[in-house]
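Summary of structural features
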Amino acid sequence: LPFDQREGVIWYDGRMVPWTDANLHVLSHGLHYASAVFEGERAYGGEIFKLDEHTRRLHESARLLDFEIPYSVEEINEACNAVLREQGYSDAYVRPVAWRGSEMMGVSAQHNMIHLAIAVWEWPSYFDPAQRAKGIRLDIAEFRRPDPRTAPCKSKAAGLYMICTISKHKAEKKGFADALMFDWRGYVAEATGANVFFVKDGVLHTPTPDCFLDGITRRTVIDLAKRRGYELVERHIKPEEMEGFEECFICGTAAEVTPVSEIGPYTFTPGNITLTLMNDYSEEVQPKQPTKQMAAAR
Ligand code: PMP
C-alpha cells in the first residue's frame, strides 16, 4: 500500500489528523530547497528506544539548518508516544519530520513557518530477513560523505540523503542490498542509513564519526561491546584495510545490527562478536520495566 494511502492518524502541527489528510503544499520550501530534517526511531514492546536522544538530535538537526522546531523536546516526546498509542502498535517505526513551509519562495526563507509531523508504521525488517541471516552484500558507492565544510554533516537533514538514495539505487541494480560510502578523504565512512563496524583478532574497529552521523545505535553498540569487555578502536579506516577484517556489521535504528558478508571485493564471515552484539542489542532495546500496554495484556 502506498505510504499516502494508509490508515490511521498522523500527528501534524499539534493535532492528530487522518493519515490521508496529512498533506503539504507543493510550494513548500522543504521540498524545493531541502530545508527538512527527520528522525527514525523504533518502538519495542510499546516503548520508543532512546526517544529523548532522538528528539534532542531532531532539535539539533534543525538548529544546524538554521531553524528552530516550535515544540519542546518534552512536547515532541509526548507526541511520538501519543501517535504510537493511537496507531496501536507495540513494535513500530516512528518518523518525525520537520520542514520549512510555503510563506516565502526562493532560497531565503526567513519568514516560513516550521512544520512538524510524526508518523508511525510497522517496519519489521529493513533488509530481507533471509539475506540478513547470512550477511548482506554491500556495493562501494561512488559518492562520498561530504567535508564538514561543505555541508552540516551532523544534521539528519533530508538533503544529505540525496547521495544515499542514488548510491542505494545503483547498488540495488547490481544486486547488492546497500552501499558503503567513503568520506571526502577516502576513508571508510558508513552505509546509506547505518554505521559500520569491523572485527579483527577479537578487536572491534569503527570509523571516527567526524563527518557523518554518530548514530544512536552506534553508540549503543559501543556501550554493549564495552560491557562485554571487547576492545574497540575508533579511528580512520582505509578501504584496503578491509582485506584483513574477519567480521563486519552495520547498525542503525532501522537496520538494527545486520551482519555483512561482502563489501565490493572484500569478504567477511559473520562470527561470534557480531552474533553476540546482535543478540545483546535485541535484548537492550526491550523495555526494562513492564509497560502499561504489556501489563494490560497480562
Ligand atoms: N548513518 C546514516 C546516514 C543514517 O541514516 C542512520 C540512520 N539514522 C545512521 C547512520 C544510524 O543512526 P541511528 O543509529 O541513530 O539510527
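Here the structure is a predicted model, which is why all the values come from computation and not from measurement.

Taken together, 14 residues surround the ligand, and among them K156, Y161, E190, T217 and T253 come closest. Measuring from a nitrogen atom of the ligand, one finds a side-chain N or O atom of K156 at 2.7 Å. About the coverage of the ligand: the protein hides 95% of its 380 Å² of free accessible area. Taken together, the residues of the shell around the ligand break down into 4 nonpolar, 7 polar and 3 charged.

Our next topic: the nonpolar core. Core analysis: the largest hydrophobic core is formed by 26 residues, its most contacted members being V37, F67, I69, I76, L116 and I118. Those elements that place two or more of their residues in this core are helix 2 (51-64), helix 3 (73-87), strand 6 (92-100) and strand 7 (114-121). Mapped onto the domain boundaries, this core takes at least three residues apiece from domain 1 (9-121) and domain 2 (129-284). Counting residues in hydrophobic clusters, the runner-up holds 21 residues, among them I136, I250, Y266 and F268.

This paragraph deals with the packing of helix 6 (residues 216-227) against helix 7 (residues 272-284). For any two helices packed against each other, the geometry is given by the interaxial angle and the distance between the axes. Interaxial distance between helix 6 and helix 7 falls to 10 Å at its minimum, and their mutual angle equals 110°. One element, helix 6, and the other, helix 7, form an angle in the roughly perpendicular class. Considering the relative orientation of helix 6 and helix 7, their crossing is right-handed. Residues T217, T220, V221, L224, A225 and R227 of helix 6 lie in contact with helix 7, whose contacting residues are L277, D280, Y281 and E284. In terms of residue class, the contact of helix 6 with helix 7 is built from 5 nonpolar, 2 polar and 3 charged.

It is worth spelling out the packing of helix 2 against helix 3 at this point. It is at 9 Å that the axes of helix 2 and helix 3 come closest, and there the two elements cross at 125°. Accordingly, the angle class assigned to the pair helix 2 and helix 3 is oblique. You can see that helix 2 and helix 3 cross each other, and the crossing is right-handed. Along its contact with helix 2, which presents L51, D52, T55, R56, L58 and H59, the element helix 3 presents V73, E74, I76, N77, C80 and N81. Residue composition of the contact of helix 2 with helix 3, grouped by class: 5 nonpolar, 4 polar and 3 charged.

Here we come to helix 7. Taking 1.5 Å of rise per residue, the 13 residues of helix 7 would be expected to cover 18 Å, and the 18 Å separating its terminal C-alpha atoms lies within 8% of that figure. Those residues of helix 7 lying buried are I273, T274, T276, L277, M278, D280, Y281 and E284.

Even without a glycine there, the phi angle at D13 is positive, about 50°. Examined against the element boundaries, D13 turns out to sit in the loop between strand 1 (9-12) and strand 2 (15-18). Residue D13 is classed as partly exposed on the basis of its relative accessible area, which comes to 24%. Despite not being glycine, E256 has its phi angle at roughly 55°, a positive value.

Throughout the structure, instances matching the rule amount to 13 aromatic pairs. Relative to W123, the ring of Y93 lies with its centre 4.7 Å away and its plane at 75°, an arrangement referred to as edge-to-face. One end of the pair, Y93, is in strand 6; the other, W123, is in the loop between strand 7 and helix 4 (129-134), with 30 residues separating them in the sequence. Exposure remark for W123: the relative accessible area of 26% places this residue in the partly exposed category. Lying across the ring of F3, R6 places its NZ or CZ 3.8 Å from the centre.

Once that is clear, we can look at the domain arrangement of the protein. Segmentation of the protein into domains returns domain 1 (9-121) and domain 2 (129-284). The C-alpha centroid of domain 2 is placed 26 Å from the C-alpha centroid of domain 1. At the junction of the two partners, domain 1 supplies 18 residues and domain 2 supplies 19 residues. Of the roughly 1,600 Å² buried where domain 1 meets domain 2, counting both sides, 60% is carbon and sulfur surface. The three residues of domain 1 that bury the most area against domain 2 are F38, F49 and R57, which together make up 35% of that side's buried surface. Taken together, the connections running from domain 1 to domain 2 amount to 2 salt bridges.

Conventions adopted
- Residues numbered from 1 in each chain as written.
- Predicted model: local features only at pLDDT ≥ 70, side-chain atom pairs only at ≥ 80, totals over all residues.
- Heavy atoms only, no water.
- Near = heavy atom within 4 Å.
- Polar contact = N/O pair within 3.5 Å; in protein donor to acceptor, adjacent residues only side chain to side chain.
- Areas by Shrake-Rupley, 256 points an atom, 1.4 Å probe, with all protein chains shown as cover.
- Nonpolar A, V, L, I, M, F, W, Y, C, P; charged D, E, K, R; others polar.
- Core = buried A, V, L, I, M, F, W, Y, C linked by side-chain atoms within 4.5 Å.
- Buried < 20%, exposed > 50% of the residue type's maximum accessible area, 1.4 Å probe, protein only.
- Helix = DSSP H or I, 4+ residues; strand = E, 2+ residues; numbered from the N terminus.
- Domains from an automatic or database assignment.
- Axes fitted to C-alpha atoms, helices over the stretch in contact; angles between N-to-C directions.
- Parallel < 35°, antiparallel > 145°, perpendicular 65-115°, else oblique.
- Left-handed = near helix turned anticlockwise from the far one by under 90°.
- Contact = heavy atoms within 4.5 Å.
- Expected span 1.5 Å × (residues − 1).
- Phe/Tyr/Trp six-rings, centres within 6.5 Å; stacked < 30°, edge-to-face > 60°.
- Lys NZ or Arg CZ within 6 Å of the ring centre and 35° of its normal.
- Buried area = accessible area lost by both parts, 1.4 Å probe.
- Salt bridge = Lys/Arg side-chain N within 4 Å of Asp/Glu carboxyl O.

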